[in-house]
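Chains, contacts and geometry: an overview
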Amino acid sequence: MQIKINIQLFAAIIFFCFTKQIKLYAFLMLFALIHELAHMSVGVLLKLKPKALKIQPFGIEIVFESFENTDKNKIKIAIAGPAINLLIAIIFYFIKIKTQQIIINANILLAIFNLIPIYPLDGGRILKSAIRETSQKKIADEIVNKTSNVLMILLTAISSILILVYKNFGLFLIIIYLWTIVIKENKRYILKRKINKILEKQKKTWLFFI
């Protein structure tokens, strides 16, 4: 399995050192790794082969080899990450150590953050797979794309107020990072729609000549 490190990670480390939030950032990245290992463990149990571990500035991503998988299995894999974070938070609620509160806060934050239904966060993956269980893939893609963009606008508005009130500029970086992945997914969605339209047009032309 390959390990890939996004160079932006080092910029994030420098930023959080400068803002004196490096301790929280270190705990978040540690439990983000455990979060991702939970995804990987469930994937392996479902007979999937891990391809790469990508270390991003605000999280870690496990990539599996190309596979044919059911939407139910995708939901199981997506839920595993937030579930382990909530479990860790519950366990450390009863363990009195110096870093108890920061461990609890870091894991609750990771669980809530990843369950936001913005694709490709875990919540977005769960929403997409759940819709595909009852609807067509095309409908699922459209709903998830619209949901992701609407929630990102709301999240940006709320975060802007929090940044002004609490002067926590770490939120600003997180919002920028989320927008980059949402915009990237928007481009993929638009490209996929164009390809589908071309294929549908060709299909109609082919049926006409038959």
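Residues numbered from 1 in each chain as written. Predicted model: local features only at pLDDT ≥ 70, side-chain atom pairs only at ≥ 80, totals over all residues. Heavy atoms only, no water.

Our focus in this paragraph is the nonpolar core. Ranked by size, the top nonpolar core spans 23 residues in total, and within it Y25, M29, I118 and M152 carry the most contacts. For this core, the secondary-structure elements that each account for two or more residues are α1 (8-18), α2 (22-45), β2 (50-56), β3 (59-64) and α7 (170-209). Among the elements that make up this core, the one with the highest residue count is α7 (5 residues). Look past the residues within four positions of M29 in its chain and what remains in contact with it is L9, I55, Q56, P57, G59 and I60. A89, I102, I103 and I104 belong to the second-largest nonpolar core, a separate cluster that totals 12 residues. (Core = buried A, V, L, I, M, F, W, Y, C linked by side-chain atoms within 4.5 Å. Buried < 20%, exposed > 50% of the residue type's maximum accessible area, 1.4 Å probe, protein only. Helix = DSSP H or I, 4+ residues; strand = E, 2+ residues; numbered from the N terminus. Contact = heavy atoms within 4.5 Å.)

This brings us to the confidence of the model for the protein. Within the protein, residue pLDDT values average 87, and 94% of them lie at 70 or more. Mean pLDDT per element in the protein: α7 is the minimum at 80, and helix α3 (residues 71-93) is the maximum at 93. (pLDDT = per-residue confidence, 0-100.)

Glancing now at the packing of aromatic side chains. Applying the stated rule across the entire model yields 7 aromatic pairs. On the basis of an interplanar angle of 85° and a centroid distance of 5.3 Å, the ring pair of F15 and F16 is categorised as edge-to-face. Ring centres of Y93 and F94 lie 5.1 Å apart, and the angle between their planes is 90°; this geometry places the pair in the edge-to-face category. Neither Y93 nor F94 differs from the other in exposure class; each is exposed. Aromatic ring contacts, followed pair by pair, group F15, F16, Y25, F58 and Y177 into a single cluster. In this structure, K128 packs its charged tip against the face of Y119, placed 4.6 Å from the ring centre. (Phe/Tyr/Trp six-rings, centres within 6.5 Å; stacked < 30°, edge-to-face > 60°. Lys NZ or Arg CZ within 6 Å of the ring centre and 35° of its normal.)

All right, on to the environment of I79 then. With respect to the helices, strands and loops of the structure, I79 is situated in helix α3. Of the residues examined, I79 reaches a relative accessible area of 40% and is grouped as partly exposed. Sequence separation of I79 and G123 is 44 residues, and the distance between their C-alpha atoms is 8.2 Å.

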